[in-house]
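Per-entry structural report
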Amino acid sequence: MTKVNCPTCQKAVEWAPENVHRPFCCKKCQLIDLGEWATESHSIPVKLGRQSDLHIDPEDIEDLLMQTPDNFFKE
Ligand SMILES: [Zn+2]
């Protein structure tokens, strides 16, 4: 069975006809990738060497959490 890595979360995905979201592991990852592609292409011209920036960077998530108000996780 051929396997590929989900471009969004890097999870191993079976390249099978029944996997309608291939090469993504699920619809969510497919939408995330398509959304990022659309955002990137509209806001920033495609530059060589920026491919890795198309995916969510753990440091970006940390930055977002830092910007989140303290009461965000409370009722
Ligand atoms: Zn995935």
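With distances of 2.3 to 2.4 Å, the protein atoms coordinating the zinc ion are Cys6 (SG), Cys9 (SG), Cys25 (SG) and Cys29 (SG). Note that the zinc ion binds four donor atoms; their angles at the metal cover 105 to 119°, and the shape is tetrahedral. Donor residues for the zinc ion, ordered by position in the chain, follow C-x2-C-x15-C-x3-C. In this pair, Cys6 is assigned in the loop between strand 1 (3–5) and strand 2 (12–14) and Cys25 in the loop between strand 2 and helix 1 (27–43), connecting sequence segments 19 residues apart.

Once that is clear, we can look at the packing of aromatic side chains. Overall, the coordinates contain zero aromatic pairs when judged by the stated rule. Across from the ring centre of Trp15, 5.3 Å away, lies the NZ or CZ of Arg22, which sits over that ring.

Moving on, we come to a negative patch on the surface. Taken together, the side chains of Asp57, Glu59, Asp60, Glu62 and Asp63 present a region of like negative charge at the surface. Within the secondary structure, Asp57 sits in the loop between helix 1 and helix 2 (58–67). What makes Asp57 partly exposed here is its relative accessible area of 33%.

The subject of this paragraph is the side chain of Asn19. Its place among the elements puts Asn19 in the loop between strand 2 and helix 1. Here Asn19 is in contact with Val13, Glu14 and Phe24, once residues within four sequence places are set aside.

This paragraph deals with unusual backbone geometry. Cis geometry marks the peptide bond from Arg22 to Pro23, where omega comes out at 5°. Considering the arrangement of structural elements, one finds Pro23 in the loop between strand 2 and helix 1. One non-glycine residue, Gln10, adopts positive backbone phi at about 70°. By secondary structure assignment, the location of Gln10 is in the loop between strand 1 and strand 2.

Scoring rules and cut-offs
- Residues numbered from 1 in each chain as written.
- Predicted model: local features only at pLDDT ≥ 70, side-chain atom pairs only at ≥ 80, totals over all residues.
- Heavy atoms only, no water.
- Donors = N, O, S within 2.8 Å, 3.2 Å for Na, K, Ca; no water.
- Tetrahedral: all angles 85-135°; square planar, octahedral: opposite > 155°, others 65-115°.
- Helix = DSSP H or I, 4+ residues; strand = E, 2+ residues; numbered from the N terminus.
- Phe/Tyr/Trp six-rings, centres within 6.5 Å; stacked < 30°, edge-to-face > 60°.
- Lys NZ or Arg CZ within 6 Å of the ring centre and 35° of its normal.
- Patch = residues over 30% accessible without salt bridge, like charges linked within 9 Å, V, L, I, M, F, W, Y side chains within 5 Å.
- Areas by Shrake-Rupley, 256 points an atom, 1.4 Å probe, with all protein chains shown as cover.
- Salt bridge = Lys/Arg side-chain N within 4 Å of Asp/Glu carboxyl O.
- Lys, Arg positive; Asp, Glu negative; His and termini not counted.
- Charge placed at Lys NZ, Arg CZ, Asp CG, Glu CD.
- Buried < 20%, exposed > 50% of the residue type's maximum accessible area, 1.4 Å probe, protein only.
- Contact = heavy atoms within 4.5 Å.

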